[in-house]
Amino acid sequence: MFGLGVPELVLILIIGLVVFGPGRLPDIGKALGKSIKEFKSANNEPQDSRTEINVTEEAKQLKDAEKKEAKS
């Protein structure tokens, strides 16, 4: 992903243990995981809403076309 291997991850874990301590490290991991999950879901929402908008616009256009045909 970022070119991080096992030695680099171990070094990051050791630095995290020294800076935050063993009691806070699991809480920080949970918060980080939750943030990433929320970011991914928020990133997918605009695509879904754009699809809904396009479907709604197409439905309006079809209704308008049907009204025009009915009047003719």
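Residues numbered from 1 in each chain as written. Predicted model: local features only at pLDDT ≥ 70, side-chain atom pairs only at ≥ 80, totals over all residues. Heavy atoms only, no water.

Peer 1: Hey, could you run me through the overall build of the chain in this one?
Peer 2: When you go through the chain residue by residue, the secondary structure sums to two helices and zero strands. Here the chain holds 72 residues, and the buried ones make up 3% of them. Taken as a whole, the chain presents about 6800 Å² of accessible surface, with 63% of it coming from carbon and sulfur. (Helix = DSSP H or I, 4+ residues; strand = E, 2+ residues; numbered from the N terminus. Buried < 20%, exposed > 50% of the residue type's maximum accessible area, 1.4 Å probe, protein only. Areas by Shrake-Rupley, 256 points an atom, 1.4 Å probe, with all protein chains shown as cover.)

Peer 1: Looking at this model, I keep getting lost on a nonpolar patch on the surface. Mind explaining?
Peer 2: Taken together, the side chains of V6, V10, L11, I14, I15, V18, V19 and F20 define a hydrophobic patch exposed on the protein surface, amounting to about 780 Å² of accessible area. Tracing the backbone through its elements, the reader meets I15 in helix α1 (residues 6-20). (Patch = residues over 30% accessible without salt bridge, like charges linked within 9 Å, V, L, I, M, F, W, Y side chains within 5 Å. Salt bridge = Lys/Arg side-chain N within 4 Å of Asp/Glu carboxyl O.)

Peer 1: Looking at this model, I keep getting lost on a positive patch on the surface. Mind explaining?
Peer 2: Together, K60, K63, K67 and K71 make up a positively charged patch on the protein surface. Examined against the element boundaries, K60 turns out to sit in helix α2 (residues 25-71). (Lys, Arg positive; Asp, Glu negative; His and termini not counted. Charge placed at Lys NZ, Arg CZ, Asp CG, Glu CD.)

Peer 1: Sorry if this is basic, but what is going on with the UniProt feature "transmembrane region" (unreviewed entry) in the chain here?
Peer 2: The UniProt record marks residues 6-25 with the feature "transmembrane region" (unreviewed entry), using the residue numbering of this structure. Annotated as 80% helix and 0% strand, the span residues 6-25 places its first and last C-alpha atoms 19 Å apart. (UniProt positions renumbered as here; feature names shortened; annotations may be inferred.)

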